[in-house]
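Fold and geometry: a report
So you can see what is in the structure, the chains are spelled out below.
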Amino acid sequence: MSTLTTPAPDRTAAPLRIGPHTVAPPVVLAPMAGITNAPFRTLCREFSGGKGLFVSEMITTRALVERNEKTMQLIHFDATETPRSIQLYGVDPVTVGKAVRMIAEEDLADHIDLNFGCPVPKVTRKGGGSALPYKRNLLRAIVREAVTGAGDLPVTMKMRKGLDDDHLTYLDAGRIAVEEGVTAIALHGRTTAQHYGGTADWDAIARLKEHVPEIPVLGNGDIWCAEDALRMVRETGCDGVVVGRGCLGRPWLFADLVAAFEGRTDDFVRPTLREVADVMVRHATLLGEWIGDEARGVIDFRKHVAWYLKGFAVGSEMRKRLAITSSLEALRAGLDELDLDQPWPTGADGPRGRTSGNNRVVLPDGWLKDPYDCAGIGEDAELDTSGG
């Protein structure tokens, strides 16, 4: 993990202000496609005691404007969620503006986050996600439309360092955000080329904080446990943290984060396998209720099984069996066959989820010719489905 040449003074982050909303402690759930839907946000929020900010998975502006059925389900918030937070992906300023005005006028959310951090090729090849900040004028136009259309709703943005080490954009993007009225910025300390490989550059988070002192800067990348979050704030001076892969199969991480920021570092959750199994069944149940079909809910839950069981002594055959279940009864029965008295495994707080690099950035033809010209980008570059 990188550190500053001159460490920042020891500090505990103050409550985070996102427009009229106070986020205390300053902990944010990162939007993750297919993961941070309403059921998972519910689990994380319950463990946090309702503290923090929990952002929806990525919503495509075109799909929202066209009222795509799947997209309209993705923007559904539980009555207890406050503030309601939507992350938008868009490449066309006009479409982004329409989507933001729709959210504001129809009271669909209380906070809008703009996605300029997704490194997935199907997004970057359209000029979206982490590819977009390279086009400074296009970035400015999208942010301007969003802030203008949002009215009183706060607009934030999440981004990466740049395309690769030769095409860094985060300092320029940060300045544009400030000038156009963005409320806060989150920086994932990796480039698009890194994808999720290597280690996050926390020094870049510190540099961004120094570069845009006018607004809060949140750090993202390699926060695997609550101690990592405290260390990031201490070493970079950032105003809060955004947590993604670290909470996969571990929604109780948000209980640890709240405890850490409140000074209760001896109050971390270390569940037994029995307690983990109960959370797994609840997660699958919530998915079924949200989708409206138990079997589809359990099938959607399958991708979480390996994350929840990380580090526990569970044989490969049982892992495979649990990963192909299609009913709550079968899931519960399989879990009940395990040694449920196992304590929380040593080392299970480490990296999880995607940890490999990509090293290849897929961009539109001629994207790198001019960092300011954005000719040729229009509505046809918008994805027509949501969720990344």
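Everything below is about the structure shown above.
So, how was this worked out
Residues numbered from 1 in each chain as written. Predicted model: local features only at pLDDT ≥ 70, side-chain atom pairs only at ≥ 80, totals over all residues. Heavy atoms only, no water. Helix = DSSP H or I, 4+ residues; strand = E, 2+ residues; numbered from the N terminus. Buried < 20%, exposed > 50% of the residue type's maximum accessible area, 1.4 Å probe, protein only. Contact = heavy atoms within 4.5 Å. Phe/Tyr/Trp six-rings, centres within 6.5 Å; stacked < 30°, edge-to-face > 60°. Lys NZ or Arg CZ within 6 Å of the ring centre and 35° of its normal. Axes fitted to C-alpha atoms, helices over the stretch in contact; angles between N-to-C directions. Parallel < 35°, antiparallel > 145°, perpendicular 65-115°, else oblique. Nonpolar A, V, L, I, M, F, W, Y, C, P; charged D, E, K, R; others polar. Salt bridge = Lys/Arg side-chain N within 4 Å of Asp/Glu carboxyl O. Pairing = 2+ DSSP bridges.

The next subject is the environment of Leu253. Relative to the helices and strands, Leu253 resides in helix α10 (residues 253–261). Taking the relative accessible area as the measure of exposure, Leu253 reaches 0% and is therefore buried. Here the alpha-carbon distance between Leu253 and Val269, two residues 16 residues apart in the chain, equals 7.6 Å. Apart from the residues lying within four places of it in its own chain, the contact partners of Leu253 are Trp224, Cys225, Ala226, Val243, Gly246 and Cys247.

All right, on to the packing of aromatic side chains then. Under the definition given, this model contains 6 aromatic pairs. Ring geometry for Phe312 and Trp344: centres 5.8 Å apart, planes at 80°, overall edge-to-face. Residue Phe312 is located in the loop between α13 (305–308) and α14 (316–322), and its partner Trp344 is located in the segment after α15 (328–336); the two are separated by 32 residues in the primary sequence. Each member of the pair Phe312 and Trp344 is classed as buried. Here the aromatic cluster, defined as three or more aromatic residues joined through ring pairs, consists of Phe47, Trp252, Phe301, Tyr308, Phe312 and Trp344. In this arrangement the basic side chain of Arg160 is found over the ring face of Tyr196, its NZ or CZ atom lying 5.0 Å from the centre.

Let us look at the packing of helix α11 (residues 273–291) against α15. Interaxial distance between α11 and α15 falls to 10 Å at its minimum, and their mutual angle equals 170°. Taken together, α11 and α15 sit at an angle that is classed as roughly antiparallel. Every residue of α15 that contacts α11 at Ala277, Asp278, Met280, Val281, Ala284 and Thr285 is listed here: Leu328, Leu331, Arg332 and Leu335. Of the residues assigned to the contact of α11 with α15, the class counts are 7 nonpolar, 1 polar and 2 charged.

Attention now goes to the pattern of salt bridges. With the rule as written, the count across this model stands at 33 salt bridges. Taking the shortest distance from any N to any O, the salt bridge between Asp201 and Lys161 comes out at 3.0 Å. Note that Asp201 is positioned in the loop between β8 (184–188) and α8 (202–211) and Lys161 in the loop between β7 (155–160) and α7 (170–180), a separation of 40 residues in sequence. For Asp201, a relative accessible area of 15% puts it in the buried group. The salt bridge involving Arg264 is made with Glu262; its shortest N-O contact spans 2.8 Å. Of the residues examined, Glu262 reaches a relative accessible area of 37% and is grouped as partly exposed. A single salt-bridge network, built from bridges that share partners, covers Arg41, Arg45, Asp78 and Glu81.

Now for unusual backbone geometry. Glycine aside, residues mostly have negative phi, and peptide bonds are mostly found in the trans state. Looking along the chain, the bond that leaves Ala24 and enters Pro25 is cis, with omega of -5°. Take Pro25: it is sitting in the loop between β2 (21–23) and β3 (27–29). In this chain, Thr82 is followed by Pro83 through a cis amide linkage whose omega measures -5°. With respect to the helices, strands and loops of the structure, Pro83 is situated in the loop between α3 (69–74) and β5 (85–89). Of note, the phi angle at Arg67 is positive, near 55°, even though the residue is not glycine. Tracing the backbone shows Arg67 in the loop between α2 (61–65) and α3. Judged by relative accessible area, Arg67 falls into the partly exposed class, the value being 43%.

Right, let's get into the sheet that holds β3. Pairing between the strands of a sheet comes from backbone hydrogen bonds, and it takes one of two forms, parallel or antiparallel. Taking strand neighbours around the barrel as the criterion, the 8 strands line up as β3-β4-β5-β6-β7-β8-β9-β10 in a closed arrangement whose pairing is parallel. Mean inter-strand twist for the sheet, computed between neighbouring axes without regard to direction, equals 25°. Direction of pairing for β3 relative to strand β10 (residues 240–243): parallel, over a ladder of 3 bridges. Within β10, the residue paired with Leu29 across the bridge is Val243. On top of the sheet, helix α6 (residues 136–150) reaches β6 (111–116) and β7; it is set at about 170° to β6, its chief contact.

A separate point is the side chain of Arg136. Residue placement: Arg136 occurs in helix α6. Setting aside its immediate chain neighbours within four residues, Arg136 contacts Leu168, Thr169, Asp172, Ile176, Pro371 and Tyr372.

Nothing here speaks to function; it is all geometry.
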